[in-house]
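Analysis of the macromolecular model
Letter by letter, the chains look like this.
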Amino acid sequence: MSNDQPLWTDVCALEDIPRRGARVVKTQSGCVALFRSVDDGVFALDDRCPHKGGPLSQGIVHDRSVTCPLHNWVFSLETGEAKGADTGIVQTYPAEVRAGRVHLDLRRLAAKVA
Amino acid sequence: MSQSTPKKRLVIIGNGMAPGRMLDHLFGEEPDAFDVTIFNAEPRVNYDRIMLSPVLSGEKRYEDIIIHNDDWYTDHGITLHRGKRVEKIDRAAKRVTALDGTTADYDALVIATGSSPFIIPVPGHDLPGVLTYRDLDDVEQMLKIAEGGGHAVVIGGGLLGLEAAAGLKMQGMEVTVVHLAPTLMERQLDEAAGHLLKQELLRRGINVMTGANTKEILGTEEVGGVRLEDGTVIPARMVCMAVGIRPSAGLAKEAGLDVERGIVVDDNMRTSDPSIFALGECAQHRGQCYGLVAPLYEMAKVVAAQLCRRCDQSYGGSVTATKLKVTGVDLYSAGDFAEGEGREEIVFRDAAKGVYKRLVLEDNRIVGAVMYGDTGDGPWFFQQLKDKADISDMRDTLIFGPAFAGGAALDPMAAVAALPDEMEICGCNGVCKGQITGAIVKKGLSSVDDVRAHTKASASCGTCTGLVEQLLAMTLGDAFDASAVKPVCGCTDFGHDEVRRVIVAQELKSMQAVMQALEWKTSCGCAKCRPALNYYLLCAWPGEYVDDGQSRFINERVHANIQKDGTYSVVPRMWGGMTTAAELRAIADVVDKYQIPTVKCTGGSRIDMLGVKKEDLPSVWADLNAAGLVSGHAYAKGLRTVKSCVGTDWCRFGTQDSTGLAVKLEKFLWGSWTPHKVKLGVSGCPRNCAEATCKDIGVVCVDSGYEIHFAGAAGMHVKGTEVLCTVGTEEEAIEYIGALMQMYREQAWYLDRLYKWADKVGLDYIRDTLMNDGDARRGYFDRFVYSQQFMQTDPWAERAAGKDAHEFTALEPALRLEVV
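Note that the structure is a prediction, hence the values are computed from the model and not measured.

1. Things to note about the pairing of strand β15 (residues 214-218) of chain B
All names here are of chain B. Both β15 and strand β16 (residues 225-228) contribute to a ladder of four bridges, which runs antiparallel. Its bridge partner lying in β16, Ile217 is registered against Val226. Where β15 folds back onto β16 in an antiparallel hairpin, the turn is made up of six residues, including Gly219, whose phi is positive at roughly 135°.

This is how it looks when you write it as structure tokens:
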């Protein structure tokens, strides 16, 4: 198996994440926020705003964006990029929903650790 | 692939506002020409030093005044050596060396070491507690000492000294300003304006002693007081010296550069060594050193142009204008106002209004301007001064400013249109007219908020907001309508009033229904409109609409305050400020058990436990609930506290049972959601110990009954209350207050404090409705009472019992993250 192959890992049920909400996955190198959009898209991002380190998982989710709870910066859940006039980017990780279960790419998360 | 030319090495000593601005210009023109290395003696990124005063007064935080954050340095590949002081410049080798041995080689060097505060070498000047007012460390030290209250002496009645004094006063200290000259700010103000300023400071409870010479600072271990030449002793826990600054030019001098008072530079900002520039407060140009931001920014532009090998820009010196950044004191001064032969003056004085304006003329040109109380025209006068404009034609009406100058009333828009592009609009952030109009056109900006986001103009103190609006109007023409309904947010074209009206009129009972009916442009709104809609629906349909947690800000979703590090603070309710030994014991036990790092009293006389981990919240609440404590809603856009004094129970002066009424009011009002936070105070007599007259709603007990106040605030804006009415009984007081609450709940825009709503609808309308229309009053009161039956459940108990459990536990699928 090549090292570029994703290594999908079951994390939780889709229902464990509230719609327009988030849950946190603790990893050895920091928290990853799992977001669920209104149309049941699931997105994984570092749980840390590049501005002041705000926990993005605690923000308000709208469309496919989240607003940081500390100073209202808005980030795209799809690209991790700051919207509006702000600039900055949040690391994103591959996430997929299969048969009602949320899967994360373990290899990419491992790269975060490395 | 072509070989790119190697980047030149630019080294900057100092990381203040001037070099920051210089780099902005440089990166704007040639982003890739230089490898930039900065040495900064302060361990920080670049912040807005002129906003230190709002930080000291508590109106802003350090985070709010950062100009360039960490990302900016990273994005531009800048090597920033924090906390490293350069001690040597080797001009032959073109290398600088810091105290710790770090070196950097340069092709071009910019010295921007700024200035250091002057310390009068009187006995005792080196005691702990003697501070200067120069950087954030000073402010932090001052804030720390101010926490303990007591007396502070500020030596120096100039711009900085007065800002320090006002800030310390706002932090609760007793403050005395000691000033050597006979009037305050004598370099910027004439006697008359200095006198008005002194009166204003005295009114604010700041003592001012002019013509006072400091002889000695008293104390052995630390500061105890100040002795003046005439023998007067002023007690002090802190002495702040703000008597002037001197350019920091020692390093340049040792390197053999020409140094007089500051580092001597030519019109290109080059020192006696052509590959070295000096910039900012450390530089001396044509015999002048500058300590204000506008000239430093002009210099920054020139250095950037020189580095880009453009010689079309040179520095010709600056005429400076000064504004005192003390909230509520309007003072503006520009140019030279000394009396002299051939000089005339025009003075306008309105003692009753506290307005004073004086223009000094020479050869029909303005050479000096002083304004106090009404400074709106200051920048216009300043521009006339800088342009050396001939004012003979408009002399008769000149003092009334651009609206009238020239005889007939001028269209203010025409006045703004006539301003040159270089005219500085926002002094705080150094943004000129051309940059604003350019950004409006290029980026398609359409609102003041847009302009703020993109140019930072009017983003600091905000006094130029009106000018920015006029620039928008001028640039956009008919496309800009300041009076047009302001949409709730970008998701809709409808304003708050219209949305509220339609929710009730069309009986819309869900967020989706509102978004459908009003043709929302996004699928599920945004972080601005969702909380607003959630509140509007909750208020319109009590008992029917189901609250949407995902449309609430995190504080209200988890019923605790998020702190800057992602932990939470927990505040139990203390009815009317009363507590018991059992409650205090329970709080102490919780603090121990969950190792809560900080416990403090809030401004509303309650106990705040700070630094609670999110996952601990439900068990913290369960323990507090067990002792009978419930959520204080300290985070809520809802009823927060009812502060009280001890009233007739204990006080010699109390006229009514203020504590009892406060407890009744809090038990009646708690749990209600409101457009913004609501705080009450009940004082037992007009001595007003509960500070009821700066609350959203206040009661001042008097012999004949209860004086009900409203529309006060002590937040970003400090506002005294207005009197609603005086009633004879507690029952009446409760009815009027309940009705007022409901009126505010039903009418205000989300996130408008009660006073803002009152300003919008008019105080008389509110008084008239509540006082003269008994049916209306009872209607509001009844609707409030009805709504409360659904509201008064303790959110902590619900969550301790398991509601929204997903909020408080992380997913722990035991991810094995070893690389596979």
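Still more to cover.
2. Here we look at the pairing of strand β18 (residues 238-241) of chain B
Residue and element names in this part refer to chain B. A two-sided burial pattern is seen for β18, the buried positions comprising Met238 and Cys240 on one face and Val239 and Met241 on the other. As paired strands, strand β11 (residues 130-132) and β18 are joined by three bridges and run parallel to one another. Looking at β18, one finds that Val130 is bridged to Val239. Taken together, the four bridges between strand β12 (residues 151-155) and β18 define a ladder with parallel strand orientation.

3. Points about the packing of aromatic side chains
Residues and elements named next belong to chain B. A complete count under the given rule lists 15 aromatic pairs over all chains for this structure. Ring centres 6.3 Å apart and planes at 80° place the aromatic pair Tyr290 and Tyr315 in the edge-to-face group. Here Tyr290 is found in the loop between β22 (283-285) and α8 (293-307), whereas its partner Tyr315 is found in the loop between α8 and β23 (321-323), with 25 residues between them in sequence. Seen from their ring centres, Tyr535 and Tyr536 are 5.9 Å apart, and the 65° between their planes marks the pair as edge-to-face. As far as the burial class goes, Tyr535 and Tyr536 line up, both buried. Of the aromatic side chains, those joined through ring pairs into one cluster are Phe27, Trp72 and Tyr73. The aromatic ring of Trp541 is capped on one face by Lys509, whose charged end is 4.4 Å from the ring centroid.

4. Digging into the sheet that holds strand β8 (residues 103-105) of chain B
Residues and elements named next belong to chain B. An order of β6-β7-β8 is seen for the three strands of this open sheet, with the pairing classed as antiparallel. Edge positions in the open sheet fall to β6 (86-90) and β8, since each of these has one partner strand only. Mean inter-strand twist for the sheet, computed between neighbouring axes without regard to direction, equals 15°. With four bridges joining them, β6 and strand β7 (residues 95-98) adopt antiparallel strand pairing.

5. Points about the layout of surface pockets
Residue and element names in this part refer to chain A. One number sums up the size of the second largest pocket: a volume of about 650 Å³. As for the second largest pocket, its lining consists of 32 residues, of which Val24, Cys31, Asp47, Pro55 and Gln58 are closest to the centre. For the lining of the second largest pocket, the elements supplying multiple residues, two or more each, are β2 (21-27) and β3 (30-36). At four residues, β2 tops the list of elements feeding residues into the lining of the second largest pocket.

6. A word on the sheet that holds strand β5 (residues 79-82) of chain B
All names here are of chain B. Here five strands make up an open sheet; going across it, the order is β5-β2-β1-β9-β21 and the pairing parallel. Taken across any chain shown, the strands that pair with only one partner, and hence form the sheet edges, are β5 and β21 (276-278). For this sheet the average axis-to-axis angle between neighbouring strands, irrespective of direction, equals 15°. As defined by bridge partners, strand β2 (residues 34-40) adjoins β5 across four bridges and the pair is classed as parallel. Note that in β5 the partner of Asn40 across the bridge is Arg82. Running over the sheet, helix α1 (residues 17-29) touches β1 (8-13), β2 and β9 (108-111) and is turned about 160° from β1.

7. Re helix α24 (residues 763-772) of chain B
Residue and element names in this part refer to chain B. Considered for burial, the residues of α24 that qualify are Ile766, Thr769 and Leu770. Across the axial projection of α24, the buried residues extend over an arc of 85°, all falling on one side. Away from the buried face of α24 by more than 90 degrees, exposed residues Asp764 and Asn772 are located. The inward-facing, buried residues of α24 contact β37 (705-710), β40 (722-727), α22 (730-747), α23 (754-761) and α25 (774-791).

8. Re the nonpolar core
Residues and elements named next belong to chain B. Ranked by size, the top nonpolar core spans 99 residues in total, and within it Leu23 and Leu197 carry the most contacts. The leading source of residues in this core is α8, at seven residues. Residues within four places of Leu197 in sequence aside, it is in contact with Leu162, Leu184, Met185, Leu189, Leu324, Val329, Leu331 and Tyr372. If you look at the next biggest cluster of nonpolar residues, it comprises 43 residues, including Val630, Tyr706, Ala713 and Ile766.

9. Points about the interface of chain B and chain A
It is common to give the size of an interface as the accessible area lost on bringing the parts into contact. Taken together, the 41 residues of chain B in the interface contact 42 residues of chain A. Across the chain B to chain A interface the summed buried area is about 3,200 Å²; carbon plus sulfur atoms make up 59%. Where chain B packs against chain A, one counts two salt bridges. The shortest N-O distance in the salt bridge between Lys26 of chain A and Glu615 of chain B comes to 3.8 Å. Taken together, chain B and chain A are joined by 10 residue pairs in polar contact (both at pLDDT 80 or more). A per-class count over the side of chain B that touches chain A returns 17 nonpolar, 11 polar and 13 charged.

Conventions we followed
- Residues numbered from 1 in each chain as written.
- Chains lettered and ligands numbered in written order.
- Predicted model: local features only at pLDDT ≥ 70, side-chain atom pairs only at ≥ 80, totals over all residues.
- Heavy atoms only, no water.
- Pairing = 2+ DSSP bridges.
- Helix = DSSP H or I, 4+ residues; strand = E, 2+ residues; numbered from the N terminus.
- Buried < 20%, exposed > 50% of the residue type's maximum accessible area, 1.4 Å probe, protein only.
- Phe/Tyr/Trp six-rings, centres within 6.5 Å; stacked < 30°, edge-to-face > 60°.
- Lys NZ or Arg CZ within 6 Å of the ring centre and 35° of its normal.
- Axes fitted to C-alpha atoms, helices over the stretch in contact; angles between N-to-C directions.
- 1 Å grid on protein atoms, 1.4 Å probe; cavity = no way out; pocket = protein on both sides within 12 Å on 5 of 7 lines; lining within 4 Å.
- Points joined across faces, edges and corners; volume = space filled by probe spheres on them.
- Contact = heavy atoms within 4.5 Å.
- Arc of directions from axis to C-beta.
- Core = buried A, V, L, I, M, F, W, Y, C linked by side-chain atoms within 4.5 Å.
- Buried area = accessible area lost by both parts, 1.4 Å probe.
- Salt bridge = Lys/Arg side-chain N within 4 Å of Asp/Glu carboxyl O.
- Polar contact = N/O pair within 3.5 Å; in protein donor to acceptor, adjacent residues only side chain to side chain.
- Nonpolar A, V, L, I, M, F, W, Y, C, P; charged D, E, K, R; others polar.

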